[in-house]
Structure formats: C-alpha cells, structure tokens
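Structural overview
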Amino acid sequence: MENIEPEQTPFAAVTAQTSKLQRQYQSLLDQSTPFVLYRWVGTGVFLGIFFLRILLAQGWYIVAYALGIYLLNLFLAFLQPKFDPSNDMLDNEMEDGSAGGLPTKQDEEFRPFIRRLPEFKFWHEATRAIAIGFVCSWFEIFNVPVFWPVLVMYWIILFVLTMRKQIQHMIKYRYVPFSFGKAKYGKSSTS
C-alpha cells in the first residue's frame, strides 16, 4: 500500500509521476543509441505500416503529405553542415573562428563535418512524426478530401528541386555528409 504524504498536493503527485515517466523514456532512448540499424529498420517498418494504413483507408492524404514534407525537412537538416560555408556574415562576426565552415581552398585549415541535425535526433524526430501521423489517421477530422495525385506530384517536384539545390551546395563547397566512401586512417593493415 502506497502512503501518500498528507501535505502532498495532487499537482505534486502528477508532477512526480510525469518526471518518473520522462526518466524511463530517456533511459530507453539512451539504451537504443548504439543500435542504429535496428532503430532505422523499426522506423522504416513503422512508416510502411503508416502508408499501408493510408492506402487501405483511402483517406488522410493530407496527413501523409504533411508527414512527407516534415520528413523532407528533417532530411535536409541532416544533410546540411551546422555552420553553412556560404554564410560569410557568420564567419565575419565570429573573430575566434569557432563558427567557421568547411575549407574551400587547399591551404585552409581542416574543419570536420558537423551536421545541423545529428543522426539520433533525426531518427527520434522522424519516428515521433510518424507516430503522430499514425494517430492522426484515426480521427475523421484530419480526413480532408483532396485529390491525392496532385499532392504526390507536388511532393516529388519539391523533393527533386530541394535535393538538386542541396547537391549543388555540396559540390560547390566540397563536402560529403556521409562517412562511407571516405578514406579511413588509423589502422595499418598488414597481411
């Protein structure tokens, strides 16, 4: 039997339980951090279930479209460097050089690629957005009648144009946001 202190208010009890749940949730997130592949596979399966729900229900296309736009926004933030090398004003404002971008000339100092949106936050926000979209797909108020092929075409055009711009930016400032294909140093392999 739990003893509730007589001077503890209901608000304090709710706050204590909320705090306990937040700690447990954060503990689960911390435990899942090293399992990158499993996290993304789970998110992909969840996204597939969401799209299956949309296709079978024949509705909630606006929810799927909003989710697609948000996921595209997250993906672009994942691809971009934290400090944009094209923003000269930022470099001029910081005298100590800590906000510098990527090197653009051979004689410049090497600065590592730091993402604007780290992988874990990208995964967490994407999974949360899919969960919110899935929940919204069960409420009739979000089932706005739209002609879905227009939304699909508009999303594809938006994706192509924004990715083209992002790839041009990556080529212009010579950075690659992914680690595969890059030279690895540190271990000398002797056969």
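Residues numbered from 1 in each chain as written. Predicted model: local features only at pLDDT ≥ 70, side-chain atom pairs only at ≥ 80, totals over all residues. Heavy atoms only, no water.

Moving on to unusual backbone geometry. Leaving glycine out, the prevailing phi sign among residues is negative, and the prevailing peptide bond configuration is trans. Although it is not a glycine, Gln58 adopts a positive phi angle of roughly 55°. Within the secondary structure, Gln58 is located in the loop between helix H2 (36-57) and helix H3 (61-79). Not every positive phi belongs to a glycine, and Trp60 is a case in point at roughly 60°. When you line up the elements, Trp60 lands in the loop between H2 and H3. Relative accessible area serves as the criterion here: at 8%, Trp60 is assigned to the buried category. (Helix = DSSP H or I, 4+ residues; strand = E, 2+ residues; numbered from the N terminus. Buried < 20%, exposed > 50% of the residue type's maximum accessible area, 1.4 Å probe, protein only.)

Our focus in this paragraph is the packing of H3 against helix H6 (residues 148-172). With their axes 10 Å apart at the nearest point, H3 and H6 run at an angle of 5° to one another. Taken together, the axis directions place H3 and H6 in an arrangement best described as roughly parallel. Residue-level inspection shows Tyr61, Ile62, Tyr65, Gly68, Ile69, Leu72, Phe75, Leu76 and Leu79 of H3 in contact with H6, the latter providing Trp148, Leu151, Tyr154, Trp155, Leu158, Phe159, Thr162, Met163 and Gln166. A per-class count over the contact of H3 with H6 returns 15 nonpolar, three polar and no charged. (Axes fitted to C-alpha atoms, helices over the stretch in contact; angles between N-to-C directions. Parallel < 35°, antiparallel > 145°, perpendicular 65-115°, else oblique. Contact = heavy atoms within 4.5 Å. Nonpolar A, V, L, I, M, F, W, Y, C, P; charged D, E, K, R; others polar.)

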